[in-house]
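A structural walkthrough
Next come the chains, spelled out residue by residue.
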Amino acid sequence: MCRKNDERNFAAAIRCRTGRARACYIGKAVRLDMETIQKAVVSRSPAFRSARQIILFARNFLKYPTMLGSVIPSSPFLVNQLLSRFDWARASVVVEYGPGIGNITCEILKRMRPDAVLVAIELNPDFVRFLREEIDDPRLRVVEGSALDIRETLTRLQLPMADYVISGIPFSTLPDQSRSDILRESREMLRSDGAMLVYQFRRTVLPHLKRHFGRVQEDFAVLNILPARIFHCTL
Ligand SMILES: C[S@@+](CC[C@H](N)C(=O)[O-])C[C@H]1O[C@@H](n2cnc3c(N)ncnc32)[C@H](O)[C@@H]1O
């Protein structure tokens with residue numbers, strides 16, 4: 001059990017790399033000021049990086065709760081479960097919607113072929129800046145904009161249709177028209193043997209996915225805060 005009522009305990013939680021510790025840390029981080037946090041983590045650079053990521057995410061959740069849909073980034077368990085659905089040897093163009101602070105982005109890059117391209121489309125300018133500063137990989141194109149712009153983005157980058165689209169955007173809070181437009185554009189920009197993966201906390205998106213895709217398989221990731229639904233959609 002993670003109990004951190006003072007700065008010393010807080011620093012200990014940062015050292016702890018488990019999902020539970022991070023969750024506790026989030027609860028404290030939104031109450032502590034930046035100076036306290038920096039004192040606690042200074043000189044521990046991997047922890048500092050991780051702290052910076054989580055604080056940035058939590059701060060943005062407080063500013064834009066419906067745009068983020070979650071106070072904490074996806075867990076490594078969810079990320080592994082998600083990414084195991086794809087055949088990385090054949091993917092040459094991958095699109096990620098809503099990369100946030102890049103926890104899935106980095107894992108995609110680890111699995112991707114050296115000649116593949118990952119296009120990460122993010123609406124939030126703070127996250128876009130963070131991703132551009134933190135991830136140095138020539139295969140990554142970070143685009144500030146909406147998932148709705150997938151067609152225009154791939155055209156501008158002179159890329160062919162996508163093998164895979166991975167979406168973490170909160171479809172349940174989007175207006176009907178935007179959700180429908182994003183799903184239609186995603187399907188149209190996928191290769192015929194491609195797939196779209198959608199992870200969400202709720203199932204409300206399922207009928208919309210079924211309207212746009214020929215086949216939708218559902219999976220469940222328990223080891224995440226909150227447990228997530230994974231939808232694997234093919235044409
Ligand atoms: C639940 S967070 C997921 C972050 C990260 N991928 C993860 O799994 O931890 C949702 C992300 O989608 C972004 N987002 C929301 N609507 C979007 C849209 N229409 N186009 C692109 N990104 C969007 C938010 O800014 C946020 O970064």
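Data block above holds the structure.
Note that the structure is predicted; figures quoted are calculated from it, not measured.

The number of helices and strands found in the protein is 11 helices and 7 strands. Across the 235 residues in the protein, those meeting the buried criterion constitute 35%. Of the contacts made within the protein by residues no fewer than 6 positions apart, 67% connect residues no fewer than 24 positions apart.

A word on the pairing of strand β6 (residues 215-221). Burial analysis of β6 places just 0 of its 7 residues in the buried class, which makes it a mostly uncovered element. What sits between the antiparallel neighbours β6 and strand β7 (residues 228-234) is a turn of 6 residues.

As a further point, take the sheet that holds strand β4 (residues 162-167). Sheet architecture is open: 7 strands sit in the order β3-β2-β1-β4-β5-β7-β6, paired in mixed fashion. Taken across any chain shown, the strands that pair with only one partner, and hence form the sheet edges, are β3 (140-144) and β6. Neighbour-to-neighbour, the strand axes of the sheet open up by a mean angle of 15°, direction not taken into account. Judged from the 5 bridges that link them, strand β1 (residues 93-97) and strand β2 (residues 117-122) form a sheet pairing that is parallel.

For helix α7 (residues 103-111), every residue scored as buried is listed here: I104, T105 and I108. The buried residues of α7 occupy an angular sector of 105° when projected down its axis, which confines them to one face. Contacts from the buried residues of α7 go to α6 (76-83), β1, β2, α8 (125-134), β3 and β4.

Glancing now at the site of the ligand. As a structural note, the neighbourhood of the ligand is formed by 22 residues, with P73, S74, G98, G100 and G168 the closest of them. Of all the elements in the fold, those that place two or more residues in the shell around the ligand are α5 (65-68), α7 and β2. Taken together, the residues of the shell around the ligand sort by class into 12 nonpolar, 9 polar and 1 charged.

Okay, the nonpolar core next. V94, V95, L118, A162, Y164, V165 and V198 are the most contacted members of the largest nonpolar core, which has 53 residues in total. Looking at this core, the element that brings in the most residues is strand β5 (residues 190-200), giving 6 residues. For this core, the domains that each give at least three residues are domain 1 (6-63) and domain 2 (76-234). Aside from chain neighbours lying at most four places away, what touches L118 is V94, E96, T105, I108, L109, M112, R139 and L140.

Attention shifts here to the pairing of β3. Looking at chain direction, β2 and β3 are connected through 5 bridges and run parallel. Residue V119 lies in a different strand from β3, and its bridge partner there is R141. Following the backbone out of β2, through α8 and into the adjacent parallel β3, one traces a crossover that is right-handed.

We now examine the environment of A116. Mapping A116 onto the fold places it in the loop between α7 and β2. On the basis of neighbour counts, which here come to 19 C-beta atoms within 10 Å, the residue A116 falls in the partly exposed class. In sequence terms A116 and L140 are 24 residues apart; their C-alpha atoms lie 9.0 Å from each other. Not counting residues up to four positions away in its chain, the partners in contact with A116 are A91, S92, V94 and R139.

Moving on to α6. Along α6, the residues classified as buried are L78, V79, Q81 and L82. Taken down its axis, α6 places every buried residue within 165° of arc, on the same side. Those residues of α6 that are buried lie in contact with α7, β4, β5, β6 and β7.

Tracing the backbone shows R139 in the loop between α8 and β3. C-beta crowding within 10 Å serves as the criterion here: with 16 such atoms nearby, R139 is assigned to the partly exposed category. For the pair formed by R139 and V117, sequence separation is 22 residues and the distance between their alpha carbons is 4.8 Å. Ignoring any residue separated from it by four or fewer positions in sequence, one finds R139 in contact with L109, M112, A116, V117 and L118.

Calculation rules
Residues numbered from 1 in each chain as written. Predicted model: local features only at pLDDT ≥ 70, side-chain atom pairs only at ≥ 80, totals over all residues. Helix = DSSP H or I, 4+ residues; strand = E, 2+ residues; numbered from the N terminus. Buried ≥ 20, exposed ≤ 12 C-beta atoms within 10 Å, placed from the backbone. Contact = placed C-beta atoms within 7 Å. Pairing = 2+ DSSP bridges. Axes fitted to C-alpha atoms, helices over the stretch in contact; angles between N-to-C directions. Arc of directions from axis to C-beta. Near = placed C-beta within 6 Å. Nonpolar A, V, L, I, M, F, W, Y, C, P; charged D, E, K, R; others polar. Core = buried A, V, L, I, M, F, W, Y, C linked by C-beta atoms within 7 Å. Domains from an automatic or database assignment. Right-handed = clockwise from strand over helix to strand, strands pointing away.

Note that every value here comes from positions in space, so none of it alone points to a role or purpose.
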